[in-house]
Amino acid sequence: MAFCICAQTESARLGHTGCLIRGHSMSRQVVTRFAPSPTGMLHIGGVRTALFCWLFARKHGGRFILRIEDTDLSRSTDDNIRIIEEGMAWCGLDWDEGPIVGDPGQWKGPHGPYRQMQRMDLYKAKIQELLDKGLAYRCRCSRETLDERRKAVEAAGKVFQYNRGLDAGRGCADANHDASESAAIRFRMPTGGDIVVADLIKGETRFPADSLDDWIIARTGEGPGEIGVPTYNFCVVVDDTHMEVTHVIRGDDHLNNTPKQIPLFAAFGYDLPAFAHVPMILGADGAKLSKRHGATSITEYQAMGLLPSAVRLALARLSWTPKIDGKAVETAEEELLTDEQMIQLFDLADCQKSAARFDMDKLQWLNQKLIQRASWQELEPHLRSFMPAEWTVKPDAWKAQAIHATQKGKSLTDMAEALRFAFERPATFDEKAAEKFMTPAVKPALREVAALADYNHDRLEADFNAILERHSLKTKDLAQALRVALCGKPVSPGIFDTLILVGREEVVARLERWL
RNA sequence: GGGGCUAUCGUCUAGGGGUCAGGACACCGCCCUUUCACGGCGGUAACACGGGUUCAAAUCCCGUUAGCCCUACCA
């Protein structure tokens, strides 16, 4: 059987689509896709893959597709699809084609629908085409006989391969079954030689064709003549070509699936897309990232008070080293890339081949740095979900002061917590601190603070120092006493910021009980 | 078992024949300081192992080991 092993060209290695894809146009628009299966929450590893697809498409002025692979009927749910859509949206990974959030019946883009279960007619037609060409065949072997044969081969210490090796001659390949009985459909795989995958990240890898077998492309149908639900490896090939995907960027757990898919592209007469298999993300202990490691779902990261921009950067920096003029980023300053810089710098050639462990410390550092750089306006939409509704909005001057005072926090939750004193009177007081700082000597000074009228920062500082002078107190004495009175604890932003954020009227009210 | 991928400080990584093996995060120390932080400065710390090739190997080759993936009518 003839099929094209099609090693990709140097231009593919460089990420150019050139004449690689389907030959027609020399400069085809780049198209990438993220194709999650809605069988659970949106995993952080999936988000990273999606991010690479998104970055690549954006860099090359191409399109990014979101496609839902819901052919696993038993595990896919509409709820999970919603979770994926919302997670992607929160993360800022907008798709040009795909489902419309919250509306299962609608989609955008010319290649819809973007849920595989809604594309059955296409798949069935393509399977029939393969059947007609003799490139696929009906297999009536039951699960039971398959299990028996598998056991027999494994007992002999060999690998079970359908109709291959010890199982050769026992398959349905030459049986010419008609459609009178229900059957699964198998794809006729080539034998002999290597199937090569020219991967943009992993390089060229070869798989002996004889290590593969005739795999099932469609499950057993409901009744005679019915073609059942096609399997993943089949749907991907059909969809990727029909959606004109030029660059298949996916997790490297799919690298082994690629040699199964390549002969299928050939059987359909399709040219190959470029492949890039990105390494996995591992937990801190080097094991596969699971619930045991803490947060795996993107929604958990959102709940932790992380900025989507920080999550994007942290995820991108796992397995990717941005290079500026051929030199890897060196300083902390250079690490803090904006989305625009990431898009500009992104290159699959600068991606690592090996798996990376998830680094929560780095994520938090990035988050802190990004918070420091943001304006209140940029932060407010994210911050709001961490602030109780009763915390009413204050004037712009207050916002400026607030951001100046609390921006040292590592997370949005830290910031919201650091702002609590500005909205709520302390319910309790730190006894030890009160005892230590609320000395008789400090009270007269406190009384003078209560009398201050001008809450301009510099003026406040000057008046404050004058009070210290009059009472022979150290800054610390008065500042800590004030913190206890205003915040209930000896920790708060700079004391003048604290005063301003609470506001004169409220300062006086909170001071009253101590005078 | 078969096939495939991977291997540099604790973590993310740069470096791809000759480097004191570089950076970032974390950690430790010092400084700053009105609290907590922020910030500044400095420090500890790595080429998985064994064989080759070579004047010279982290770098090239071959093994070994370890981890991961595929080997489903899952995706």
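No experiment lies behind these values; they were computed from the predicted model shown. (Residues numbered from 1 in each chain as written. Chains lettered and ligands numbered in written order. Predicted model: local features only at pLDDT ≥ 70, side-chain atom pairs only at ≥ 80, totals over all residues. Heavy atoms only, no water.)

On to the overall build of chain A. The helix and strand tally for chain A stands at 21 helices and 16 strands. Computed over C-alpha atoms, the radius of gyration of chain A comes to 31 Å, more than 25% over the 24 Å expected from 2.2 N^0.38 for 515 residues, which places it beyond the range of a compact globule. Projecting the C-alpha coordinates of chain A onto the three principal axes gives extents of approximately 105 × 50 × 45 Å. In chain A, of all internal contacts separated by at least 6 residues, the share reaching a separation of at least 24 is 75%. When the accessible surface of chain A is summed, it comes to about 23,600 Å², and 50% of that surface belongs to carbon and sulfur atoms. When the 65 positive and 71 negative side-chain charges of chain A are each reduced to one mean point, those points stand 3 Å apart. (Helix = DSSP H or I, 4+ residues; strand = E, 2+ residues; numbered from the N terminus. Rg over C-alpha atoms; globule rule 2.2 N^0.38 Å. Contact = heavy atoms within 4.5 Å. Areas by Shrake-Rupley, 256 points an atom, 1.4 Å probe, with all protein chains shown as cover. Lys, Arg positive; Asp, Glu negative; His and termini not counted. Charge placed at Lys NZ, Arg CZ, Asp CG, Glu CD.)

To continue, consider the protein's contact with RNA strand B. Near RNA strand B lie 65 residues; those nearest to it are Asp72, Arg143, Arg219, Thr220 and Glu330. Put simply, 75% of the atoms of RNA strand B that lie within 4 Å of the protein are in sugar or phosphate. Tyrosine 232 places a polar main-chain atom, nitrogen or oxygen, 3.1 Å from a phosphate oxygen of RNA strand B. In the model, a sugar or linking oxygen of RNA strand B is placed 3.4 Å from a nitrogen or oxygen of the glutamate 335 side chain. In terms of residues, the surface near RNA strand B owes the most to one element, helix H12 (residues 360-373), which gives 6 residues. The residue makeup of the surface near RNA strand B, split by class, is 19 nonpolar, 22 polar and 24 charged. (Near = heavy atom within 4 Å. Polar contact = N/O pair within 3.5 Å; in protein donor to acceptor, adjacent residues only side chain to side chain. Nonpolar A, V, L, I, M, F, W, Y, C, P; charged D, E, K, R; others polar.)

Once that is clear, we can look at the sheet that holds strand E5 (residues 136-139). Spatial strand order, E5-E6-E9-E10: 4 strands in an open sheet with antiparallel pairing. Whereas interior strands pair on both sides, the edge strands pair on one side only; in this sheet they are E5 and strand E10 (227-230). The mean inter-strand angle of the sheet, taken between neighbouring strand axes irrespective of direction, is 35°. (Pairing = 2+ DSSP bridges. Axes fitted to C-alpha atoms, helices over the stretch in contact; angles between N-to-C directions.)

Our focus in this paragraph is the layout of surface pockets. To find leftover empty space, one rolls a probe the size of a water molecule over the atoms. In this model, the largest pocket occupies a volume close to 1,100 Å³. Along its surface, the largest pocket is lined by 34 residues, and Ser37, His43, Gly46, Asp253 and His254 are the ones closest to its centre. For the lining of the largest pocket, the secondary-structure elements that each account for two or more residues are strand E1 (31-34), helix H2 (44-59) and strand E11 (247-251). Sorting elements by how many residues they give to the lining of the largest pocket places H2 first, with 4 residues. Within the lining of the largest pocket, the residues separate by chemical class into 12 nonpolar, 12 polar and 10 charged. (1 Å grid on protein atoms, 1.4 Å probe; cavity = no way out; pocket = protein on both sides within 12 Å on 5 of 7 lines; lining within 4 Å. Points joined across faces, edges and corners; volume = space filled by probe spheres on them.)

Core analysis: the largest hydrophobic core is formed by 108 residues, its most contacted members being Met88, Val311, Leu478 and Leu482. Per element, the largest residue contribution to this core is 10 residues, and it comes from H2. Once residues lying within four places of it in the same chain are set aside, the contact partners of valine 311 are Ile44, Trp90, Cys91, Ile298, Tyr301, Leu306 and Leu363. Membership of the second largest hydrophobic core comes to 39 residues, among which are Tyr114, Leu130, Ala136 and Leu264. (Core = buried A, V, L, I, M, F, W, Y, C linked by side-chain atoms within 4.5 Å. Buried < 20%, exposed > 50% of the residue type's maximum accessible area, 1.4 Å probe, protein only.)

Attention now moves to helix H13 (residues 376-383). Of the residues making up H13, those classed as buried are Trp376, Leu379, Glu380 and Leu383. Buried positions in H13, seen along its axis, are confined to an arc of 115° and lie on one side of it. Against H12, helix H14 (396-406) and helix H15 (412-423) lie the buried residues of H13. (Arc of directions from axis to C-beta.)

You can see threonine 241 is positioned in helix H6 (residues 232-242). Assessed through its relative accessible area of 6%, threonine 241 is described here as buried. Measuring from C-alpha to C-alpha, the distance between threonine 241 and aspartate 199 comes to 18 Å, with 42 residues separating the pair along the chain.

Glancing now at the pairing of strand E4 (residues 103-108). Direction of pairing for strand E3 (residues 98-100) relative to E4: antiparallel, over a ladder of 3 bridges. Bridged to isoleucine 100 within E4 is aspartate 103. Taking the residues that link successive antiparallel strands as the turn, the E3-E4 hairpin has 2 residues, and the phi of glycine 102 there is positive, at about 80°.

Let's shift gears to the pattern of salt bridges. Scanning the entire structure with this criterion turns up 36 salt bridges. Aspartate 79 is the salt-bridge partner of arginine 82, the closest N and O atoms lying 2.5 Å from each other. With arginine 82 and aspartate 79 both in helix H3 (residues 78-90), this residue pair falls 3 residues apart, about one helical turn. Classification of aspartate 79 by relative accessible area gives partly exposed; the value is 44%. One salt bridge in this structure joins aspartate 194 and arginine 206, with 3.7 Å as the shortest N-O distance. Taken together, the residues aspartate 194 in strand E7 (residues 194-199) and arginine 206 in strand E8 (residues 203-208) connect sequence positions 12 residues apart. Taking relative accessible area as the criterion, aspartate 194 reaches 29% and is therefore assigned partly exposed. Bridged by salt links that share partners, the residues Arg33, Arg67, Glu69, Arg119, Asp239 and Asp240 form one connected network. (Salt bridge = Lys/Arg side-chain N within 4 Å of Asp/Glu carboxyl O.)

The predicted model of chain A averages 91 in pLDDT, with 95% of residues at 70 or higher. For residues 1-26, every residue scores under 50 in pLDDT, and the model assigns this stretch 52 contacts once sequence neighbours within four places are set aside. Per the prediction output, this complex has pTM 0.92; the corresponding ipTM is 0.95. (pLDDT = per-residue confidence, 0-100.)

Let us look at the pairing of strand E6 (residues 184-187). By the alternation rule, side chains of E6 split into Ala184 and Arg186 and Ile185 and Phe187, which are all buried. Of the strand pairs in this sheet, E5 and E6 are connected by 4 bridges, and their pairing is antiparallel. Bridging from a neighbouring strand, arginine 138 pairs with isoleucine 185 of E6. As judged from the 2 bridges shared by E6 and strand E9 (residues 216-220), these two strands associate in the antiparallel manner. Counterpart to isoleucine 185 in the pairing with E9 is alanine 218.

A word on the packing of aromatic side chains. Summed over the entire model, instances satisfying the criterion amount to 12 aromatic pairs. Ring centres of phenylalanine 429 and tryptophan 514 lie 5.1 Å apart, and the angle between their planes is 80°; this geometry places the pair in the edge-to-face category. Of the two residues, phenylalanine 429 sits in the loop between H15 and helix H16 (431-437) while tryptophan 514 sits in the segment after helix H21 (504-512), which places them 85 residues apart along the sequence. On the basis of relative accessibility, which here comes to 21%, the residue phenylalanine 429 falls in the partly exposed class. An aromatic cluster is defined as three or more aromatic residues linked by ring pairs; in this entry it consists of Trp376, Trp391, Trp398 and Phe423. The residue whose ring lies beneath arginine 48 is phenylalanine 52, and the NZ or CZ to ring-centre distance is 4.9 Å. (Phe/Tyr/Trp six-rings, centres within 6.5 Å; stacked < 30°, edge-to-face > 60°. Lys NZ or Arg CZ within 6 Å of the ring centre and 35° of its normal.)

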